[in-house]
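Summary of structural features
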Amino acid sequence: MRVPLLLLLLVSADPVRVLSAAAGKKKVPPPRRSPKVTEVNVSTAAPPGAAGGPTQVRAPPTQHDTCLGYYDVSGQFDTEFRCNNTDHRFCCGSCFLRFCCADRGKRLQQRGCTNYDTPAWVRTPPASPAPTGAAYDPELDRTNRTVFISCGVVALIVAIGISAKVAYDRAT
């Protein structure tokens, strides 16, 4: 009876804490992480007596481009976005298709683009307020007559088919 209770106690309690308390060991705090640094190789031929390892310095902050909002080739407006999530820090591409890239030489000169306003072919003319045709005349509308004739023909064919089946069933 005591063994299941002991097992239940060990399972419900934190086993590492229980075992370390039983052994009398002190709790060691987790190691702290040092801030992220970038290694820079200085020179492979170090002078004698100098420390023989790479020097650690912080990476200098770099400038990120912002691709301005623009109208693409389909007339959709693409909102502005910043190139700051990856190593692709420069706004590249064309005036109608922009993306972030890593090569400064392929950088897009956005001020030279002219697609910041809605294109003329996307703008639709406003609806005309005046009616464009003659008033509706119910005497000239023959749609109702056509619907009644079509439904009548279908109903007649169904009635003939049902009566033919009933006559055939009585004959056999």
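Numbering of residues starts from 1 in each chain and follows the order in which that chain's sequence is written. For this predicted model, a pLDDT threshold of at least 70 governs which residues receive local features, and a threshold of 80 or more governs which side-chain atom pairs are given and counted, while totals over whole chains, interfaces and linings are taken from all residues. As a convention, hydrogens and water are excluded, and side-chain values are obtained from all of the structure's heavy atoms.

**Section: the overall build of the chain**
Counting from the N terminus, the helices are the DSSP runs of H or I reaching at least four residues and the strands are the DSSP runs of E reaching at least two. Each helix and strand in the chain was counted, giving 3 helices and 8 strands. Sequence-ordered secondary structure for the chain, helices as α and strands as β, is α-α-β-β-β-β-β-β-β-β-α. When the 172 residues of the chain are sorted by exposure, 10% land in the buried category. In this analysis, two residues are considered to be in contact whenever any of their non-hydrogen atoms come within 4.5 Å of each other. Sequence separation of 24 or more characterises 29% of the internal contacts of the chain that already satisfy a separation of 6 or more. Here the chain displays about 15,400 Å² of accessible surface, and carbon together with sulfur accounts for 62% of that area. Classification of residues uses two cut-offs on accessible area relative to the type maximum, computed with a 1.4 Å probe and protein chains only: under 20% is buried, over 50% is exposed, and between them is partly exposed. To be clear on the numbers: accessible area is Shrake-Rupley with a 1.4 Å probe, and residue cover counts the displayed protein chains and nothing else.

**Here we look at the pairing of strand 7 (residues 90-94)**
Two strands pair when backbone bridges link them, and strand 7 and strand 8 (residues 97-101) are joined in this way by 5 bridges, in the antiparallel orientation. Directly across from Gly93, in strand 8, lies its bridge partner Arg98. Hairpin geometry of strand 7 and strand 8 is characterised by an intervening segment of 2 residues between the two adjacent antiparallel strands. We treat two strands as partners when DSSP finds at least two bridges between them.

**Considering a nonpolar patch on the surface**
Patch membership requires more than 30% relative accessible area and the absence of a salt bridge. Residues of like charge join within 9 Å; the nonpolar side chains Val, Leu, Ile, Met, Phe, Trp and Tyr join within 5 Å. Salt bridge, as used here: a side-chain nitrogen of Lys or Arg that lies within 4 Å of a carboxyl oxygen of Asp or Glu. Together, Val154, Val158, Ile162 and Val166 make up a nonpolar patch on the protein surface, roughly 350 Å² of accessible area in all. Assignment of secondary structure puts Ile162 in helix 3 (residues 143-171).

**Side note on the pattern of salt bridges**
Summed over the entire model, instances satisfying the criterion amount to 3 salt bridges. The salt bridge involving Arg107 is made with Asp65; its shortest N-O contact spans 2.4 Å. Of this pair, Arg107 sits in the loop between strand 8 and helix 3 while Asp65 sits in the loop between strand 2 (55-57) and strand 3 (66-67), and the two are 42 residues apart along the sequence. A salt bridge links Arg89 to Asp87, with the shortest nitrogen-to-oxygen separation between them at 3.8 Å.

**Looking at the state of the cysteines**
Note on disulfides: each one is a pair of cysteine sulfur atoms within 2.5 Å. For the structure shown, the criterion picks out 4 disulfides. Disulfide pairing places Cys67 opposite Cys91 at an S-S distance of 2.0 Å. Note on the Cys67 and Cys91 pair: the S-S dihedral is about 125°, so by sign convention the disulfide is right-handed. Remark: Cys91 occurs in strand 7 and Cys67 occurs in strand 3; sequence separation between them is 24 residues. Across the disulfide from Cys83 sits Cys100; the S-S distance is 2.1 Å. Taking the torsion about the sulfur-sulfur bond, which here is approximately -80°, the covalent link between Cys83 and Cys100 counts as left-handed. Residue Cys83 is located in the loop between strand 6 (81-82) and strand 7, and its partner Cys100 is located in strand 8; the two are separated by 17 residues in the primary sequence. In the chain, numbering the disulfide-bonded cysteines from first to last in sequence yields the connectivity 1-3, 2-6, 4-7, 5-8.

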